[in-house]
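Examining the three-dimensional arrangement
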Amino acid sequence: MLRDVTGIRYVTPLREGGSVPGVVEADDLGTYVVKFRGAAQGRKALVAEVIAGELGRRLGLRVPELVRFDFDPVIGLGEPDEEIQDLLKASGGLNLGMDFLPGSLGFDPLVFGVEPAEASRIVWFDALIGNVDRSWRNPNLLVWHRSTWLIDHGASLIWHHNWKTARTAAAKAYDASDHALSRFSPQPAAAAAELAPLVTAELLAEVTALVPDEWLADEPGFEAPDDVRRAYAELLAARAADIHERITLAPVSRERQPPPEWLRTWVEGKNA
Ligand SMILES: Nc1ncnc2c1ncn2[C@@H]1O[C@H](COP(=O)(O)OP(=O)(O)OP(=O)(O)O)[C@@H](O)[C@H]1O
Ligand SMILES: [Mg+2]
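Position numbers for residues count from 1 along each chain, tracking the sequence in the order it is written. Throughout, the order in which chains and ligands are written sets their labels, letters from A for the former and numbers from 1 for the latter. Residues qualify for local features only when their pLDDT is at least 70, as the model is predicted, and side-chain atom pairs are given and counted only at 80 or more; totals for whole chains, interfaces and linings, by contrast, use all residues.

Topic: the overall build of the protein chain
For the record, the criterion: Working definition: helices are DSSP H or I runs of at least four residues, strands are E runs of at least two. Numbering for both runs from the N terminus. Buried residues are those with 20 or more other C-beta atoms within 10 Å of their own C-beta, exposed residues have 12 or fewer, and partly exposed residues lie in between; C-beta atoms are placed from the backbone.
A tally of helices and strands in the protein chain yields 8 helices and 10 strands. Every one of the 272 residues in the protein chain was classed for burial, and the buried ones make up 38%.

Written as structure tokens, this is what we have:
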């Protein structure tokens, strides 16, 4: 189960996020980044956060703790921006909270490094969940206590926006050519050998069970929330089996290639 917390103080909106999440303090003395159910991205963004985030955590990736966040719009009445006020008013009740990492820095591929093994795991994981939101322009990775943390999986599992075509959509390739970690020599096939066997039916049942019923209810084409959960699990299981064969990587960047033979000979000649 995800823990339940209740918001007690709305601190500030995070305007750099498209969905304008809020920093909110809760009754457990924690501070959370809250993704609001009333945002334009809709409740499916929250479903994707839970399934992808909890799956990533179980595969050993660093994802800040996720909680079920009870938000009363009354605590946001001091927010002067009318649009944000509307967002808060539309989000009374259950929302998604992510542990706020104080003092974290946004990952910049030109400044920070990531080991090839970790880059491989993250690229393979993003391919598995069809995450289009981890490019070098918008990495959605935070550096905190010298480690890299994964945030913002709301735009993953995109096939759930149309269940009728989901099977075909989920069978598609994954383009990682502008992935934030593409310059760190990822080898997703190696990561798949390590991680794909962990994506079992039990694990997928466990992570999909964490999604609150009310975010899955009344999904067209499904009788009950558990049927929707099974659909998520089936697609992810199928994708885990072979997505590593369909990942497009960026060509190895020039500065990382060894110098050509003629240049080495020339330099050696000069130094002789
Ligand atoms: N757990 C966290 N701890 C600290 N800062 C965070 C955390 N989660 C998000 N942020 C900050 O808030 C910003 C917006 O968060 P996030 O990317 O999750 O929102 P979004 O609305 O989905 O954004 P996007 O525009 O990328 O779709 C992040 O870029 C980051 O700077
Ligand atoms: Mg983001």
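Comments concerning the site of ligand 1
The condition that has to hold: What makes a residue near a molecule or strand is its C-beta atom, placed from the backbone, lying within 6 Å of it. Under the scheme applied here, ten amino acids are nonpolar (Ala, Val, Leu, Ile, Met, Phe, Trp, Tyr, Cys and Pro), four are charged (Asp, Glu, Lys and Arg), and all others, including Gly, are polar. Domain start and stop points were drawn from an automatic or database domain assignment.
As a structural note, the neighbourhood of ligand 1 is formed by 21 residues, with Gly-17, Gly-18, Ser-19, Leu-101 and Asp-152 the closest of them. For the shell around ligand 1, the residue count by class is 9 nonpolar, 8 polar and 4 charged. Residue assignment places the shell around ligand 1 across two domains, with domain 1 (3–103) and domain 2 (106–256) each supplying three or more.

What to know about the nonpolar core
Operational definition: By convention in this section, buried Ala, Val, Leu, Ile, Met, Phe, Trp, Tyr and Cys residues joined through C-beta atoms within 7 Å make up a nonpolar core.
One finds Tyr-32, Val-34, Ile-51, Trp-124, Ala-127, Leu-128 and Leu-236 to be the most contacted residues of the largest nonpolar core, which totals 65 residues. Composition of this core by domain shows at least three residues from each of domain 1 (3–103) and domain 2 (106–256).

Structural notes on the domain arrangement of the protein chain
Entries for the protein chain in the domain assignment read domain 1 (3–103) and domain 2 (106–256). On a C-alpha basis, the centres of domain 1 and domain 2 stand 21 Å from each other. Of all the secondary structure elements, the ones that give two or more residues to the side of domain 1 that touches domain 2 are helix H1 (43–58) and strand E5 (93–99). Of the residues forming the side of domain 1 that touches domain 2, the biggest block, 15 residues, is contributed by H1. Taken together, the residues that form the side of domain 1 that touches domain 2 break down as 15 nonpolar, 4 polar and 8 charged.

Some details on the sheet that holds strand E7 (residues 141–144)
By definition, the strands of a sheet pair up through backbone hydrogen bonds, in either a parallel or an antiparallel sense. The cut-off we apply is this: In this analysis, strands are considered paired if DSSP registers two or more bridges between them.
Strand order across the open sheet formed by 3 strands is E6-E7-E8, with antiparallel pairing between neighbours. Two strands lie at the open edges of the sheet, namely strand E6 (105–106) and strand E8 (147–150), each paired on one side alone. Relative to E8, E7 runs antiparallel, the two being bridged by 4 bridges. Counterpart to Leu-141 in the pairing with E8 is Leu-150.

Focus on the packing of H1 against helix H6 (residues 201–209)
Note the following rule: All axes here are fitted lines through C-alpha atoms, helices being fitted over the stretch that makes contact, and every angle between N-to-C directions spans 0 to 180 degrees. Angle categories: roughly parallel below 35 degrees, roughly antiparallel above 145, roughly perpendicular from 65 to 115, and oblique for all the rest. Throughout, a crossing is termed right-handed when the near helix is turned clockwise from the far one, and left-handed when it is turned anticlockwise from it by less than a right angle. Two residues qualify as being in contact provided that their C-beta atoms, derived from the backbone, are within 7 Å of each other.
For the pair H1 and H6, the least separation of the axes is 9 Å and the interaxial angle reads 135°. Here H6 runs oblique to H1, going by the angle between their axes. Here H1 and H6 pass one another in a crossing that is right-handed. Contacts from Ile-51, Glu-54, Leu-55 and Arg-58 in H1 reach Leu-203, Val-207 and Thr-208 in H6. The class makeup of the residues in the contact of H1 with H6 is 4 nonpolar, 1 polar and 2 charged.

Observations concerning the pairing of strand E3 (residues 31–35)
Buried residues dominate E3, accounting for 4 of its 5 residues. As defined by bridge partners, strand E2 (residues 22–26) adjoins E3 across 4 bridges and the pair is classed as antiparallel. When the sheet's bridge partners are listed, Val-24 is paired in E3 with Tyr-32. Taking the residues that link successive antiparallel strands as the turn, the E2-E3 hairpin has 4 residues, and the phi of Leu-29 there is positive, at about 70°. Where E3 lies against E5, 4 bridges are found, and the strand directions are antiparallel. Paired with Lys-35 across the two strands is Leu-96, which belongs to E5.

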